[in-house]
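# Structure at a glance
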Amino acid sequence: MDGIRLEHIYKSYTTLSTDVILDHAERPATTRTVLKDLSLTIPAGLLTVIVGRSGCGKSTLLKLLSGKETMDSGRLTLPEGWHTALLSPEPYVITWTSVLRNVELAVGAGFTQEQRREVAEKLVKLVKLNDFADLTPVELSTGMRQRLGLARVLASQAELLLMDEPFAALDFITRAELQTELLNIQNEMRRTIVLVTHQLEEALLLAQRIVVMHADSTVKEFDLSALSYPRDLASDALQALKATVTEECKK
């Protein structure tokens, strides 16, 4: 199978009321359906960016893909043997050890100690933290910690990388630098990436494919694979696409 298939996915959340109730009374509950009959195919080896209004289920979709949550019904199929890794705005890092050791500990199974060190050194250099390899995460800036989180995700050897607003907390200069680094890494390592963002400009700069999710779980897909990198947001092609995607998001 060439990619990930989601077929007729349903996912709901039930919240119990916080009201004071009498003894033996049943506590009222509210059920909210976030994903309703969602069907989507995510191609392997591409950088897919998901956009849409808040509350349409973008982050829920990533949680299902990562295995952190289970669907109520439907079918989710990944290629055999695939593993996933999730990068969030506040990435998990080990605070008491160095940058290099952080990445080394994240390297997947099946490596010798020497191989783990070699992989870690390569990735630390790839995310431009080689000058800070001996520092601990508490000594790093927010942008540097995000670079470390990216290196740890890559070290996991996961075939599917999931990114939930990974650059949202960064200043615009650091965000632009990490966007460029992500494209360079994807060009070198060629993973399947699913990235959620609220920034349409980010989607236009990064995506080979944009998926607009709606509140009713319908989707609209846009193919950007023919557009080369680096991209100019001021170009006629991207300006026209921006207007089209914006209108789609408003539906």
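Each remark here, short or long, concerns the structure printed above.
Read on for a plain summary of the structure. Just so we're clear, the structure is a prediction, and the values are computed from it rather than from any experiment.

The rules we used
Residues numbered from 1 in each chain as written. Predicted model: local features only at pLDDT ≥ 70, side-chain atom pairs only at ≥ 80, totals over all residues. Heavy atoms only, no water. Helix = DSSP H or I, 4+ residues; strand = E, 2+ residues; numbered from the N terminus. Buried < 20%, exposed > 50% of the residue type's maximum accessible area, 1.4 Å probe, protein only. Contact = heavy atoms within 4.5 Å. Areas by Shrake-Rupley, 256 points an atom, 1.4 Å probe, with all protein chains shown as cover. Lys, Arg positive; Asp, Glu negative; His and termini not counted. Charge placed at Lys NZ, Arg CZ, Asp CG, Glu CD. Phe/Tyr/Trp six-rings, centres within 6.5 Å; stacked < 30°, edge-to-face > 60°. Lys NZ or Arg CZ within 6 Å of the ring centre and 35° of its normal. 1 Å grid on protein atoms, 1.4 Å probe; cavity = no way out; pocket = protein on both sides within 12 Å on 5 of 7 lines; lining within 4 Å. Points joined across faces, edges and corners; volume = space filled by probe spheres on them. Nonpolar A, V, L, I, M, F, W, Y, C, P; charged D, E, K, R; others polar. Pairing = 2+ DSSP bridges. Axes fitted to C-alpha atoms, helices over the stretch in contact; angles between N-to-C directions.

Another aspect to go through is the overall build of the chain. Per the secondary structure count, the chain includes seven helices and nine strands. Overall, the chain is about 60 × 55 × 40 Å in size when its C-alpha atoms are taken along their principal axes. For the chain, the residues scored as buried account for 46% of the 251 residues in total. Within the chain, residue pairs in contact and separated by at least 24 positions form 70% of the contacts whose partners lie at least 6 positions apart. Carbon and sulfur atoms provide 51% of the accessible area of the chain, an area that totals close to 13,200 Å². Within the chain, one finds 28 positive and 33 negative side-chain charges whose respective centroids are separated by 1 Å.

Here we come to the packing of aromatic side chains. Inspection of every chain in the model, using the stated rule, returns zero aromatic pairs. The positively charged end of Lys11 is found above the aromatic ring belonging to Tyr13, 5.0 Å away from the centroid.

Below, the discussion takes up the layout of surface pockets. For the largest pocket, the calculated volume is near 270 Å³. Lining of the largest pocket is provided by 15 residues; of these, Thr180, Leu183, Leu205, Tyr229 and Pro230 occupy positions nearest its centre. Looking at the lining of the largest pocket, the elements that each hand over two or more residues are α5 (172–189) and α6 (200–206). Split into classes, the residues belonging to the lining of the largest pocket amount to seven nonpolar, six polar and two charged. Every residue along the wall of the second largest pocket is listed here: Ala85, Leu86, Leu87, Ser88, Glu90, Pro91, Tyr92, Ala106, Gly149, Arg152, Val153 and Ser156. Where the lining of the second largest pocket is concerned, the elements lending two or more residues are β5 (84–87) and α4 (142–155). Per-class residue counts for the lining of the second largest pocket are seven nonpolar, three polar and two charged.

Once that is clear, we can look at the sheet that holds strand β6 (residues 160–164). Read across the sheet, six strands follow the order β5-β6-β7-β3-β8-β9 without closing on themselves; strand pairing throughout is mixed. Looking at strand neighbours, the two that pair on one side only are β5 and β9 (219–223), the edges of this open sheet. For this sheet, the mean angle separating the axes of adjacent strands, direction not counted, is 20 degrees. Pairing geometry for strand β3 (residues 47–52) and strand β8 (residues 209–213), over five bridges, is parallel. Residue pairing in the sheet places Thr48 in a bridge with Arg209 of β8. With respect to the sheet, α4 is in contact with β5 and β6, its orientation differing from that of β5 by roughly 175 degrees.

By themselves, these figures tell us nothing about what the structure is for.
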